[in-house]
Structures are given as structure tokens and as C-alpha cells.
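Topology and contacts: notes
If you want the building blocks of each chain, they are given just below.
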Amino acid sequence: MFWIRSYEKSSSCYSCCEENRSLFAVSRAGGTSTLCPSQRKAASAAVVVCSAGSAGRTGVGEKTITNGRPAAVEVTVKETRKGPSGPEVDSRSTAGGVVEDVYGEDLATEDQLITPWAVSVASGYSLLRDPHHNKGLAFTQKERDAYYLQGLLPPACVTQELQEKKVMHMLRQYQVPLQRYMALMDLQERNERLFYKLLMDNVEELLPIVYTPTVGEACQKWGSIYRRPQGLYISLREKGRILDVLKNWPERNIQVIVVTDGERILGLGDLGCQGMGIPVGKLALYTALGGVRPSACLPVMIDVGTNNEKLLNDEFYIGLRQKRANGQEYAELMDEFMTAVKQNYGEKVLIQFEDFANHNAFELLAKYRRTHLVFNDDIQGTASVVLAGLVAALKLVGGTLAEHTFLFLGAGEAGTGIAELIALEMSRQTKAPLEETRKKIWLVDSKGLIVDSRKESLQHFKKPWAHEHEHLKGLLDAVKAIKPTVLIGSSGAGKTFTKEVIEAMTSFNEKPVIFALSNPTSQSECTAEEAYQWSKARAIFASGSPFDPVECHGQTFVPGQANNAYIFPGFGLGLVISGAIRVHDDMLLAASEALARQVTQENFDKGLIYPPFSNIRKISAHIAAEVAAKAYELGLATRLPRPANLVKYAESCMYSPNYRSYR
Ligand SMILES: NC(=O)C1=CN([C@@H]2O[C@H](COP(=O)(O)OP(=O)(O)OC[C@H]3O[C@@H](n4cnc5c(N)ncnc54)[C@H](OP(=O)(O)O)[C@@H]3O)[C@@H](O)[C@H]2O)C=CC1
Ligand SMILES: CC(=O)C(=O)O
Ligand SMILES: [Mg+2]
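Residues numbered from 1 in each chain as written. Chains lettered and ligands numbered in written order. Predicted model: local features only at pLDDT ≥ 70, side-chain atom pairs only at ≥ 80, totals over all residues. Heavy atoms only, no water.

What counts here: UniProt positions are given in the numbering used here, feature names are shortened, and annotations may be inferred rather than shown by experiment.
You'll find the protein chain entered in an unreviewed UniProt entry as Malic enzyme, with Spirodela intermedia given as the organism. Looking at the Sequence similarities (unreviewed entry) heading of the UniProt record, one finds this comment for the protein chain: "Belongs to the malic enzymes family." In the Catalytic activity (unreviewed entry) part of its UniProt record, the protein chain is described as follows: "oxaloacetate + H(+) = pyruvate + CO2".

Here we look at unusual backbone geometry
Keep this limit in mind: Helix numbers and strand numbers start at the N terminus; a helix is a DSSP run of H or I with at least 4 residues, a strand a run of E with at least 2. Think of it in three bands: with a 1.4 Å probe and only protein chains considered, a residue is buried below 20% of the maximum accessible area for its type, exposed above 50%, and partly exposed in between.
A cis amide bond links Thr-212 to the next residue, Pro-213, at an omega of 10 degrees. Following the sequence through the fold, Pro-213 ends up in the loop between helix 9 (203–210) and helix 10 (214–220). The omega angle of the peptide bond from Asn-519 to Pro-520 is -10 degrees, so this bond is cis rather than trans. Of note, Pro-520 is situated in the loop between strand 16 (513–516) and helix 22 (528–534). With a phi close to 65 degrees, Lys-431 is a non-glycine residue in the positive phi region. Mapping Lys-431 onto the fold places it in the loop between helix 18 (413–430) and helix 19 (434–437). Of the residues examined, Lys-431 reaches a relative accessible area of 72% and is grouped as exposed. Unusually for a residue other than glycine, Lys-536 sits at a positive phi of about 55 degrees. A relative accessible area of 53% places Lys-536 in the exposed class.

Points about the site of ligand 2
Worth spelling out the cut-off: A cutoff of 4 Å decides nearness: a residue is near a molecule or strand if any of its heavy atoms lies inside that distance of it. Within 3.5 Å is the distance limit for a polar contact, defined as a pair of N or O atoms, with the added protein rule that one can donate a hydrogen and the other accept it, and that residues adjacent in sequence qualify only through two side-chain atoms. Surface accessibility in these figures is a Shrake-Rupley result with a 1.4 Å probe; residues are shielded only by whichever protein chains are displayed.
Close contacts around ligand 2 come from Tyr-211, Arg-264, Leu-266, Lys-282, Glu-354, Asp-355, Asp-377, Asp-378, Asn-519, Asn-563 and Asn-564, and that covers them all. The separation between an oxygen atom of ligand 2 and a polar side-chain atom of Glu-354 is 3.0 Å. Here Asn-519 contributes a side-chain N or O atom positioned 2.8 Å from an oxygen atom of ligand 2. Burial of ligand 2 by the protein amounts to 90% of the accessible area it has alone, namely 220 Å².

Side note on empty space enclosed by the protein
Let me state the cut-off plainly: Grid points spaced at 1 Å over the protein atoms alone were grouped into cavities, where a 1.4 Å probe fits but cannot get out, and pockets, open sets with protein on both sides within 12 Å along at least five of seven lines, with lining residues defined by an atom within 4 Å of a point. Grid points are joined across faces, edges and corners, and a volume is the space filled by probe spheres set on the points.
Scanning the model with the defined rule gives 6 cavities of 30 Å³ or more in all. For the largest cavity, the calculated volume is near 150 Å³. Residue lining of the largest cavity: Tyr-181, Met-182, Met-185, Asp-186, Glu-189, Trp-222, Ile-225, Tyr-226, Arg-227, Arg-228 and Gln-230, and that is the complete set. Mapped by element, the contributors of at least two residues to the lining of the largest cavity are helix 7 (177–190) and helix 11 (222–225). Looking at the lining of the largest cavity element by element, the count peaks at 5 residues for helix 7.

What to know about the UniProt feature "domain: Malic enzyme N-terminal" (unreviewed entry) in the protein chain
Listed under "domain: Malic enzyme N-terminal" (unreviewed entry) in the UniProt record, and renumbered for this structure, are residues 188–369. Summarising residues 188–369: 47% helix, 11% strand, and an end-to-end C-alpha distance of 32 Å.

Some points on the environment of Arg-663
Along the polypeptide, Arg-663 turns up in the segment after helix 27 (646–653). Considering only alpha carbons, one finds Arg-663 and Thr-159, 504 residues apart in sequence, at a separation of 17 Å.

Thoughts on the site of ligand 1
Here is the rule: All residues other than Ala, Val, Leu, Ile, Met, Phe, Trp, Tyr, Cys, Pro, Asp, Glu, Lys and Arg, Gly among them, are scored as polar; the first ten of these are nonpolar and the last four charged. As annotated, the domain borders come from an automatic or database domain assignment.
For ligand 1, the set of nearby residues contains 27 residues, the closest of which are Arg-264, Asn-358, Ala-411, Ser-446 and Lys-462. One nitrogen or oxygen atom from the side chain of Lys-462 is found 2.6 Å from an oxygen atom belonging to ligand 1. Considering ligand 1 on its own, with 920 Å² of exposed area, one finds that the protein chains cover 83% of that surface. Elements represented by at least two residues in the shell around ligand 1 include exactly helix 17 (377–397) and helix 18. For the shell around ligand 1, the per-class residue count stands at 7 nonpolar, 15 polar and 5 charged. Taken domain by domain, the makeup of the shell around ligand 1 includes at least three residues from each of domain 1 (211–372) and domain 2 (379–561).

This is the structure in C-alpha cells:
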């Protein structure tokens, strides 16, 4: 038995050997190659050719047998790309030529060019450095014998459970959340399955590390803590060759892309290229919470510059050092990206827009929702999660949606996205026209209450909310005048729900419903403690970032986390398993209902309007099933026939992080 290092996963091999990604071939830079039986047969000959699929690269491995095992496997990489007129072009010269040995760079002087990805493998050493297959001390003795690992590991063989216990123990020693974040990222790069097992088994403890609030700090310091790319960085420099850039990614079978341009990272503003932490974090949740295979997930950072002066002057900044491109230049880059994604991965890859500034977010969604499978998490995912929380909250406060009055602080992506879905649901329930149901919803932006006298100067997404009313500048005035039953913070501005605001809400509501959605914790409109204390323990409260339970008036309150993380993983899974080709608003409503249904009486008894994250895999399966059902109903699903039991089917599709046994 021997291994061949190949450069692309052959798509035919992928499908026939998916379940048993054996180690006949090992990965390069996170990519894996699996030899199907025919290739294995070929592998017993002296030369193996691994097809490059559409990427156009061919790796040719030659082996020399010494005492029944490979003494060395030399691999020659012949880069073949189609020339402009069609025929294959041997681009070896531009690729840096043939590399003679595995670690050629050690022999080269610093100014000599080397081709780092042309290497050969004949030892388990590389297996230990392949995060997709590495099991560390959990390799059994048999596996150590079979895969040339003898001596490369200390003698102890341990279980994955013991490894998990040890890493959790180590993580808990760190006092600083960012240290935990970095340790987890290191684990992801070292042993992917252990990383996901940890995340799934300890979701409530680790979510605040890989996600909000710590991911916010990680993005702010990304330039300093950057170690490995973790996704694709596509900058203005790549304009005109984005398709080629996509082909550099080692995985072919991508199902979900999360893309940002870094302009509105949580409530932290423009973090430019450092926003990459968000797609990386969101996709970790796609796998851990929604069960999408890690190899099917692709984080993308579109770098068009940054207007953040501090970053532009930071010596450790890793992005383009220029002001943000906008207008036509921006639109062209995005268009090239969207086209290349479809060309490379097909019609059914889900593209999730994340943390774009609102002046681009609404346009991108409107433009591509007709041609691509796109979803804006901040506009649509947030709307779905908040609607679910409201529907659940009605069980505690009484009344129908239409009997409530809503006031938002913040009229951007999250605010207007939520407002629109509430109005849509109200309209469905009451059969009243959307224009009527919108009148129950009021929004305040940085200039005050959105009213008709401001209409001319409003951004297009605010115009539907410009109702007749005198203009009021401050939130407190608006609360007193509108007398909302539900107050929702989506401003990105921390500490804006003051004592006076919460007391005013409490003065005319028996149980004021208060959502402080802004992330990370520093930007939350108020803390859980403030909401409960200032409302004399009467508030029904949920926040975007997590807060610890609060003791108030002799009771313990467990605040809910109104975060789109409840929705997008299951939502995406539903699209993937049904082979959906477009996202429809009805799917958002279906996801929202599925989430609201998961809140149990026991949860309500604790004042919770969201189920605990510890049940998230089950919740995601139910959301996925409802979304898929809607896709079938709307004729948007392509995976036929429709499975009879969609919940069971969704569960059966979910990634498991348990180690596989290697033959
Ligand atoms: N919990 C969750 O799941 C989610 C939370 N969020 C959070 O919501 C926040 C906003 O996100 P998003 O809607 O995309 O951002 P946008 O930039 O699109 O919108 C922000 C809105 O808040 C207004 N605003 C800002 N500061 C103030 C202030 N001091 N007083 C009143 N209004 C203010 C802005 O006013 P103007 O238009 O006048 O500039 C704008 O209307 C972020 O912190 C984000 O992290 C977002 C998505 C999901
Ligand atoms: C949660 C989220 O998507 C945000 O804060 O932007
Ligand atoms: Mg977001």
C-alpha cells in the first residue's frame, strides 16, 4: 500500500468513495483526494494519474518500491489550463517548473522560486498534518502500523472522548476569551473532527467563543492573530480572474458559501479584510449546528479596500491598503464573483451574504435573488429568528401579532428586514394589505422617528415605514408617543435602551417585550440585568449576544439569545437537501414557525422564548425539513423524489464529527 499525493479531488472518485475517504491519497492544503477502486487498481502500477476534474490540474505520481513500501514517491505536477482558443496549455513554466523533492523549499535559497504545492508523500507525517484525517493520539495501533505513523506519535492510544475532555480542560484554563478562540482555531486546523465534536457537545459554552461576542474581537485583531487563510480572499487585484481563484480552493463539492466585504462587521463597523472571521465563524456553525459537511463550506472575503483609517495605518493589517471601491468598480467585481461561483459550483450552491453595509446589502439581494440561490442573513435570517421569538412571546404576553405595536431603534438591514417579515405575517393572518399592517410598525434611525415629512430624503428601504406623525428626535420621545408593546434594538449602538426608556415601556405594558439585538455584547442596546432590573422583573427579554442568567426580585431569569444562528444553519441545510434553486420569503416564514414550535412549556416557564442551543441539531433538522417542504411545494426543489419524512431525511444528511476507522 502506498499513498499518492494528488492535486484535486476527482469528482468521480468523490461520489463513489465519499463514505470511505480512504487514505490512499492524502491532501494538499486541506484538500483531499480519494482513489476509487479503478484508481486503486491503477495505483498498483508504477504510475498513477489523478484526474483534475474541471480544475484542469493533473498530478502524476510515480513510486519506487523498496521492500514492499515506497521509499519515495515523486510527483510531477503538470498544470494544464485551457488557452483562450480552447486547446490545453502546458503552463509548467509559469507555475515554477517541476519540483524535484518533497521539501524543495528547504534546499532553495530565499530568493529562489519554489512551487510549494508540488510535493510527494511517503510517510504518515503528512497524515498527522492533514486536519481532515488527523486523529492525533486516537489513531489505533493498527492504523499506526498501516499508515507509517510508528514513532511519530507517543505510545498512548486514546479515545476521541478523552481528547475532548482534555481540550475542554485546556480551554477552561484560559481566562481571556480571545485565547480560547485562537486555541479553537488551531484545533480546527489540526484536527477538524475533534473541533466539531467539541463544538457540538459543548455548544452553549463554546458558541460565545467561535461566534459573537468573541468573534468580534477576533475580527478587530485579525491582522495580528492571522495564521492561516481558512477561506478565499478575493480582492480587486483578482478582478478578471476570479474563476481561476475559485479553482485554487481544494474542495470541488461546495454547497454553502458565506461571503462578506467586511464593511459592517457586527456592530463594529468597517473592518475591511479582517471581516473574514465572520464567514469562518458562520460556516463553523453551518457544520456544528446545521450538519453541513465542513468540506462543503467555503468562507469568502471580498476585499475592495477599507475606509477604516486605523486599519489602513496598522502595520499588521492584512488587506488591500486603499479606500473602498464603490459604484461600478464594486458592482463589476461582485458580478464577476457571482458569475464565477455559478460557473464553478453550479446552480445549487447557497451564497449567504453576511455583514455587508446596507447601501450594498439590499441591492445585492434584490439583484441576485432572481438568478442565484442567495440569502442575506442580516436581513432575512434575523427577521426569521425575531419573528419566531415574537410568536413565542405572544404565549406569555397574549394577543395576536396584529394587536401589538412595534418600535425599532435602528432602521437598517436587521430593523427593516424584521419589520417587513412581521408585516407580511400579520398580513397573512389578518388578510389585511401589507400597507395596512406596516402601520403597526415604527422605526427610529439616527435622525429620529421615521415619518412622512422625511420621506424624500430617506433611503429606499426606509420609505415604507414613513408613517404620518410629527417628527420626534429621540427614542424616549418616540416610546412615549407611540406606546409600543414591543421594543426592538437593531442599531448597533450600545446602551441606547436607557433606564428611562425601559421604565417608560414598563409604565404602559404589563410585560414589555424587549429585544436588544445588536452585537457584540459591547453594542447591545442594554444588558439582560438592566432590562430585568429597570422593568421590575417584568420584561420578556432576548439579546443578540448571550448574557448570563440574572437574579432579580428573588427570581432567576435566563435571557434568550435572539440570534440568526438559530435559523441560518437549518435554513441552509433545508435548501441543500432539497436541491433548492431559489430562496422564497415563504421559506423564511416556514423556518420561523418551525423554530417557534420548538419552544417547550418548560422553556416558557423559565421565561424563555427560544429553545436552548443545546438542542440545536434537532431544531435545525426541523427547520431544514420545513424549508425543504416549502421548496417542494413551491416547485423550487430539484432533488427528486421528495423524501417522505423530511425531518428524518435531514437528520440522516447531517455531518457527524465522530472519527472514521481507516482500513
Ligand atoms: N441578533 C442578530 O441575529 C443580529 C444582530 N444584528 C446587529 O444589529 C445591528 C445593526 O445591524 P444592521 O441593521 O445590519 O446595520 P445597519 O447599518 O444596516 O443599520 C443600523 C441602523 O441603526 C441606526 N442607528 C445607528 N446608531 C443609532 C443611534 N445611536 N440611534 C438611533 N439609530 C441608530 C442607523 O441609522 P441611520 O440609518 O440613520 O444611519 C441604521 O438605521 C448590528 O449591531 C448587528 O450586529 C444584525 C443582524 C443579526
Ligand atoms: C448575528 C449577525 O449576523 C450580526 O450581528 O451581524
Ligand atoms: Mg451578520
